[in-house]
Amino acid sequence: MSGFHDSASGSQPYKDPTPLPDSVPRVQELGVTSAPLKSAAFFIGAYCKEYNEDFMLCKNEGRGDPGQCLKEGRRVTRCATDLINKMRENCLEQFDAHWNCLELNNQEYYACRKPERTLNKCMFEKLGLTKTIPGSPAGKKQIHEVEKPIYTTVQR
């Protein structure tokens, strides 16, 4: 007979019954919620491009075996952690302002263009990273660079 086990009331800390093998390098989680990740997403994509491409190539070659790409996935996580830490060291005020805006506005970019512009400026000046949206039409301004966009918090 099985019963419900409340993990909060247990006398022992939770121990994963299926730990990763020693051949898989350990890596700390990013430790951020969805809003900071969304704020940093395009910068992570640019900064960690090579690691992301290696991971996706491994996944495509893996034919459904998720264990085959754990090392590549760890490299992506380490790269993203490195960038988040650099963002905190160099552009903390702008980063916090942008992700807090996203948090308060249902994760919608269009509602947070002003703090986004200051974050983009800081990231370029201090880390040399620019926000580029993949798949945007060539020769047109990126949506975050448009001065008077159609979609804002108040529709025209």
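Just above sits the structure.
On a predicted model such as this, the values are computed, not experimentally measured, just so you know.

Caption draft 1: View of empty space enclosed by the protein. For the structure on display, the rule yields one cavity of 30 Å³ or more. Approximately 30 Å³ is the volume attributed to the largest cavity. Contributing to the lining of the largest cavity are S39, F42, F43, H98, E116, L119, N120 and K131. Those elements giving two or more residues to the lining of the largest cavity turn out to be helix 1 (34-47) and helix 4 (113-127). The residue makeup of the lining of the largest cavity, split by class, is three nonpolar, three polar and two charged.

Caption draft 2: Region of interest: the pattern of salt bridges. For the structure on display, the rule yields five salt bridges. Between K49 and E53 there is a salt bridge whose closest N-O contact spans 4.0 Å. Of the two residues, K49 and E53 are both situated in helix 2 (residues 49-62); the distance of four residues between them amounts to about one turn of the helix. Put simply, K131 and E116 hold a salt bridge, and the shortest N to O gap is 2.2 Å. With K131 in the segment after helix 4 and E116 in helix 4, this pair connects stretches of sequence that are 15 residues apart. The residues K131 and E116 share a single accessibility class, namely buried. Via salt bridges that share partners, R113, E116 and K131 belong to a single interconnected network.

Caption draft 3: Quick look at the state of the cysteines. In the structure shown here, the tally under the stated rule is four disulfides. Covalent S-S linkage joins C91 and C122, the inter-sulfur distance amounting to 2.0 Å. Looking along the S-S bond of the C91-C122 disulfide, the torsion reads about -95 degrees, which is the left-handed sense. Of this pair, C91 sits in helix 3 (residues 70-104) while C122 sits in helix 4, placing them 31 residues apart in sequence. When sorted by exposure, C91 lands in the same class as C122, which is buried. Shown here is the disulfide that connects C101 with C112, its sulfur atoms set 2.1 Å apart. Of note, the bridge from C101 to C112 carries an S-S torsion of about -95 degrees and is left-handed in sense. With C101 in helix 3 and C112 in the loop between helix 3 and helix 4, the pair connects residues that are eleven residues apart, well separated along the chain. Both residues of the pair, C101 and C112, belong to the buried class. Numbered by position along the chain, the disulfide-linked cysteines of the protein connect as 1-4, 2-3, 5-8, 6-7.

Conventions used here
Residues numbered from 1 in each chain as written. Predicted model: local features only at pLDDT ≥ 70, side-chain atom pairs only at ≥ 80, totals over all residues. Heavy atoms only, no water. 1 Å grid on protein atoms, 1.4 Å probe; cavity = no way out; pocket = protein on both sides within 12 Å on 5 of 7 lines; lining within 4 Å. Points joined across faces, edges and corners; volume = space filled by probe spheres on them. Helix = DSSP H or I, 4+ residues; strand = E, 2+ residues; numbered from the N terminus. Nonpolar A, V, L, I, M, F, W, Y, C, P; charged D, E, K, R; others polar. Salt bridge = Lys/Arg side-chain N within 4 Å of Asp/Glu carboxyl O. Buried < 20%, exposed > 50% of the residue type's maximum accessible area, 1.4 Å probe, protein only. Disulfide = S-S within 2.5 Å.

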